[in-house]
Amino acid sequence: MTIPRIALALALGLVALSAARAQTAQGVPGDMKNFVTQYVSATNAKDSARLRSFLYPKSLACVTPENKDYYDEMASHIGEPIPPNYKFSVMPVNEGNLQALEGMGQRWTVKPMQELHIDYQQGDDVGSYIVYLIHENGRWFQDFPCATDAAIKQFRDNAAANEAALAHYKALAAEIKEPLRSELLDLLRAHETASATDRYHQVTGQDYKTSMYVINALKTEGR
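Residues numbered from 1 in each chain as written. Predicted model: local features only at pLDDT ≥ 70, side-chain atom pairs only at ≥ 80, totals over all residues. Heavy atoms only, no water.

### Details of the environment of His201
Position of His201 relative to the elements: it lies in helix α9 (residues 193–204). With 14 residues separating them along the chain, His201 and Ile215 place their C-alpha atoms 9.8 Å apart. If we ignore the near neighbours within four places in the chain, the residues touching His201 are Gln206, Asp207, Tyr208 and Ser211. (Helix = DSSP H or I, 4+ residues; strand = E, 2+ residues; numbered from the N terminus. Contact = heavy atoms within 4.5 Å.)

Written as structure tokens, this is what we have:
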């Protein structure tokens, strides 16, 4: 199963932004390998303080007391841990990716200079993180867009419906009986998320979108 790159880029940056107001931007000195090593370590530890230290100062300034609820909630939706066999590459900024984020209600205070891709695979599960970069005064920083007022309003308007939908998928996951439950958990432990989704869909007759969300809830439950 491929994890959407833009969604992961947004979610992981929001982890750092969620409590960013008191943090001083530090960046990471040295070469890109040093940045990636520290970034992966902080990501896997879910260390929000370390992740915040990577952010560019104008990205840190996105969070205010008035909008912190948005960043806190968005930060709770993060990706899988990055395994040791990851590979990384640095390339010119993909304008389509920037436009995709803008279409999700994000605005750039400073346009990034480069984009870092961290790619990995475990079993059949494939994932990627995209990190937007700025290099300044010998240090690497993560560049991240700020949410627009419209995006924050939409989040708040939809909060109750989203919470209800999440509760529904969690309830469906909790209702999965044996032996199907153990079969699905074994597939998830083997990093065969797509196979688990297909199996749940086949046995229950739920539509594929519902099946994906239920398996995600089951995966979260099993951690």
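### Considerations on the pairing of strand β5 (residues 125–136)
Burial analysis of β5 places nine of its 12 residues in the buried class, the great majority of the element. Pairing of strand β4 (residues 114–122) with β5 involves nine bridges; the strand directions are antiparallel. Across the sheet, residue His117 finds its bridge partner in β5, namely Ile130. Connecting β4 to the antiparallel partner β5 that follows it, the hairpin turn spans two residues, and Gly123 within it adopts a positive phi of roughly 60°. Two strands pair when backbone bridges link them, and β5 and strand β6 (residues 139–143) are joined in this way by five bridges, in the antiparallel orientation. If you follow His135 over to β6, its bridge partner there is Trp140. The antiparallel pairing of β5 with β6 creates a hairpin that spans two residues between the two strands, and Asn137 there sits at a positive phi of about 55°. (Buried < 20%, exposed > 50% of the residue type's maximum accessible area, 1.4 Å probe, protein only. Pairing = 2+ DSSP bridges.)

### Regarding helix α7 (residues 149–174)
One full turn of an α-helix is made of 3.6 residues, so residues set three or four places apart face in the same direction. Here α7 contains 26 residues, and its C-alpha end-to-end distance of 36 Å stays within 8% of the 38 Å for a straight helix at 1.5 Å per residue. When the local axis directions of α7 are compared, the greatest deviation, roughly 55°, occurs at Ala159. Buried residues of α7: Ala151, Ile152, Phe155, Tyr169, Leu172 and Ala173, and no others. Considering only its buried residues, α7 is in contact with α5 (68–75), β7 (146–147), α8 (180–189), α9 and α10 (208–221). (Expected span 1.5 Å × (residues − 1). Bend = angle between axes of the 7 residues up to and from the residue.)

### Considering the packing of α5 against α7
Each pair of packed helices can be described by the angle between their axes along with the distance between the axes. The interhelical angle for the contact between α5 and α7, taken along N-to-C directions, is 70°, at an axis separation of 10 Å. If you check the angle between α5 and α7, you find them roughly perpendicular. Pair α5 / α7 crosses with left-handed handedness. Residues Asp69, Tyr70, Glu73 and Met74 of α5 lie in contact with α7, whose contacting residues are Ala151, Ile152, Phe155 and Arg156. When grouped by side-chain class, the residues that make up the contact of α5 with α7 number five nonpolar, no polar and three charged. (Axes fitted to C-alpha atoms, helices over the stretch in contact; angles between N-to-C directions. Parallel < 35°, antiparallel > 145°, perpendicular 65-115°, else oblique. Left-handed = near helix turned anticlockwise from the far one by under 90°. Nonpolar A, V, L, I, M, F, W, Y, C, P; charged D, E, K, R; others polar.)

### A look at the sheet that holds β5
The five strands are arranged β1-β6-β5-β4-β2 in an open sheet whose pairing can be described as antiparallel. In this open sheet, the two edge strands, each paired with only one partner strand, are β1 (28–29) and β2 (87–92). In this fold helix α2 (residues 32–45) packs onto β1, β2, β4, β5 and β6, with an angle of close to 55° to the strand it touches most, β4.

### Quick word on the packing of α8 against α10
In the contact formed by α8 and α10, the axes pass within 10 Å of each other and the chain directions differ by 80°. In terms of axis orientation, α8 runs roughly perpendicular to α10. Contacts from Arg181, Leu184, Leu185 and Leu188 of α8 reach α10 at Ile215, Leu218, Lys219 and Glu221.

### Observations concerning the confidence of the model for the protein chain
The predicted model of the protein chain averages 87 in pLDDT, with 87% of residues at 70 or higher. In the predicted structure, residues 1–12 sits below a pLDDT of 50 and forms 38 contacts with residues beyond four places in sequence or in another chain. Segment residues 14–22: pLDDT under 50, and 34 contacts once partners within four positions in sequence are set aside and those in other chains are kept. (pLDDT = per-residue confidence, 0-100.)

### Here's the deal with the state of the cysteines
Scanning the entire structure with this criterion turns up one disulfide. With its sulfur 1.8 Å from that of its partner, Cys62 forms a disulfide with Cys146. The chirality of the disulfide connecting Cys62 with Cys146 is left-handed, given an S-S dihedral of about -70°. Of this pair, Cys62 sits in the loop between α4 (57–60) and α5 while Cys146 sits in strand β7, and the two are 84 residues apart along the sequence. Pair check on accessibility: Cys62 and Cys146 agree, each one buried. (Disulfide = S-S within 2.5 Å.)

### Focus: helix α6 (residues 95–103)
Here α6 has its buried residues at Asn97, Leu98 and Leu101. Each buried residue of α6 sits inside an arc of 100° when the element is viewed along its axis, so together they form one side. Of the exposed residues in α6, those oriented more than 90 degrees away from the buried face are Gln99 and Gly103. A distance of 2.7 Å separates the backbone nitrogen of Gly96 from a side-chain oxygen at the start of α6, and that oxygen is part of Asn94. Of the residues trailing α6, Gly105 is marked for its positive phi of about 85°. (Arc of directions from axis to C-beta. Polar contact = N/O pair within 3.5 Å; in protein donor to acceptor, adjacent residues only side chain to side chain.)

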